[in-house]
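# Descriptive analysis of the structure
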Amino acid sequence: MSSPIVLKTGAVLTGSLGLCEDGYIRLDFNALQHTELIHLVSGLDDDPSGGLKCGTGVAAISGFTEWISTARPVVSIGWDWVIGSRDGRAYYMMVGKPRSNIMLIDDQCRDLGFEATADLLMARLDRLIWQEATNAAITSRYA
Amino acid sequence: MHILSGQSARLPDGVANALSVYRHKVFVEMLGWQLDTPPGIEQDQFDRADTVYIVSHDETGQINGCARLLPTTSPYLLGDVFPQLLNGLAPPSSPDIWELSRFAAVDFSGQTPVATGQFSSPVTAQLLHESIRCAGRLGAKMVITVSPLGVERLLRKLGYTARRAGPPMVIDGYPLFACLIDVAEPG
């Protein structure tokens with residue numbers, strides 16, 4: 001495994017091996033659960049169909065959102081979303097798996113791997129109330 | 001579509017000059033990049049003797065795509081201009097990592113559909129494939145790029161193993177990030 005480097009400035013992620021030479025931040029799931037995330041940027045996807053066409057229904061509204069940690073080294077997680085409907089209201093739903101600079105490790109400090117990390121990130125994001133911040137960013141950016 | 005690659009001295013006569021003109025049309029005129037360039041020509045400090053170019057031509061011989069590869073053991077765009085995208089890590093300097101930059105696949109002749117996203121058309125996908133294969137022939141195990149945010153998921157959709165080398169940052173209004181791509185045939 002690559003040698004860890006821990007940045008000296010700012011609060012350091014607890015339970016983290018730090019930022020490694022391969023660019024990954026290695027931490028265990030417990031540390032991830034306690035990592036505070038804030039909204040960085042959100043945006044809409046380009047519409048490859050060319051937008052609304054008369055009589056063919058409404059094109060799905062989709063986009064991406066990016067979040068980062070308040071602690072250093074900076075954890076970065078991004079994912080895609082689509083606007084669906086829940087209880088008759090518009091609702092942002094995650095699509096696919098998240099993308100990040102994180103590699104989760106087990107209690108033996110072994111990498112869990114790309115896919116397992118993404119799956120566990122989804123579990124973390126289930127606890128994050130991200131829809132409101134994303135909607136506010138989209139509304140502000142495109143209004 | 002015909003794709004060739006090489007250092008500028010090894011490109012066929014006229015291709016290097018035509019490439020500079022094409023890059024100006026794409027990056028300065030079409031995308032509006034604020035670059036300090038002579039009129040009609042786009043070159044920067046990373047266009048050197050050891051820079052490797054990938055150039056694609058349509059059936060009439062017009063350039064319809066380009067890319068540039070730089071060794072990270074010499075000055076390169078991410079290391080010199082955008083090191084802040086690396087989360088505090090020193091920019092990589094390794095014969096195993098080459099930088100891909102000035103990637104574009106715009107057809108000004110109008111013979112093929114204009115790409116709706118950076119890698120979303122078959123032409124751009126083929127150019128990307130050849131660029132990464134070229135990097136592999138040069139010894140690269142990974143390619144690093146400074147890219148707009150959407151590139152990571154597009155690369156994954158194309159079957160590449162791509163990930164962020166650091167958190168994205170909004171630079172001059174554009175969310176950018178450093179992207180690492182495995183040099184392997186896409187899955």
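Residues numbered from 1 in each chain as written. Chains lettered and ligands numbered in written order. Predicted model: local features only at pLDDT ≥ 70, side-chain atom pairs only at ≥ 80, totals over all residues. Heavy atoms only, no water.

In the nomenclature of an unreviewed UniProt entry, chain B corresponds to Acyl-homoserine-lactone synthase from the organism Silvimonas amylolytica. Entered under Sequence similarities (unreviewed entry) in the UniProt record, the comment concerning chain B runs "Belongs to the autoinducer synthase family." Per its UniProt entry, chain B bears the Catalytic activity (unreviewed entry) comment "a fatty acyl-[ACP] + S-adenosyl-L-methionine = an N-acyl-L-homoserine lactone + S-methyl-5'-thioadenosine + holo-[ACP] + H(+)". (UniProt positions renumbered as here; feature names shortened; annotations may be inferred.)

Under the annotation held in an unreviewed UniProt entry, chain A carries the name DUF4902 domain-containing protein and is attributed to Silvimonas amylolytica.

Now for the pattern of salt bridges. Going through the model one piece at a time under the given rule, you end up with 21 salt bridges over all chains. Two residues, Arg 26 of chain A and Asp 111 of chain A, come together in a salt bridge whose shortest N-O distance is 2.9 Å. Of the two residues, Arg 26 of chain A sits in strand E3 (residues 25–28) while Asp 111 of chain A sits in the loop between strand E8 (102–105) and helix H2 (114–125), which places them 85 residues apart along the sequence. A single salt-bridge network, built from bridges that share partners, covers Asp 45, Glu 66, Asp 80 and Arg 99 of chain A together with Glu 152, Arg 153, Arg 156 and Arg 164 of chain B. (Salt bridge = Lys/Arg side-chain N within 4 Å of Asp/Glu carboxyl O. Helix = DSSP H or I, 4+ residues; strand = E, 2+ residues; numbered from the N terminus.)

Turning to helix H3 (residues 122–137) of chain B, a few remarks are in order. The end-to-end C-alpha separation of H3 of chain B is 22 Å, in line with the 22 Å expected for 16 residues at 1.5 Å each. The complete set of buried residues in H3 of chain B reads Thr 124, Ala 125, Leu 127, Leu 128, Ser 131, Ile 132, Cys 134 and Ala 135 of chain B. (Expected span 1.5 Å × (residues − 1). Buried < 20%, exposed > 50% of the residue type's maximum accessible area, 1.4 Å probe, protein only.)

With that out of the way, let us pick up the layout of surface pockets. What the second largest pocket holds in volume is close to 240 Å³. Taken together, Asp 80, Val 95, Gly 96, Lys 97, Pro 98, Arg 99, Phe 114, Glu 115 and Ala 118 of chain A together with Arg 153, Arg 156 and Lys 157 of chain B form the lining of the second largest pocket. Of all elements in the fold, only strand E7 (89–100) and H2 of chain A together with helix H4 (151–157) of chain B reach the threshold of two or more residues within the lining of the second largest pocket. At five residues, the largest contribution of residues to the lining of the second largest pocket is made by E7 of chain A. Of the residues in the lining of the second largest pocket, the class split is four nonpolar, one polar and seven charged. (1 Å grid on protein atoms, 1.4 Å probe; cavity = no way out; pocket = protein on both sides within 12 Å on 5 of 7 lines; lining within 4 Å. Points joined across faces, edges and corners; volume = space filled by probe spheres on them. Nonpolar A, V, L, I, M, F, W, Y, C, P; charged D, E, K, R; others polar.)

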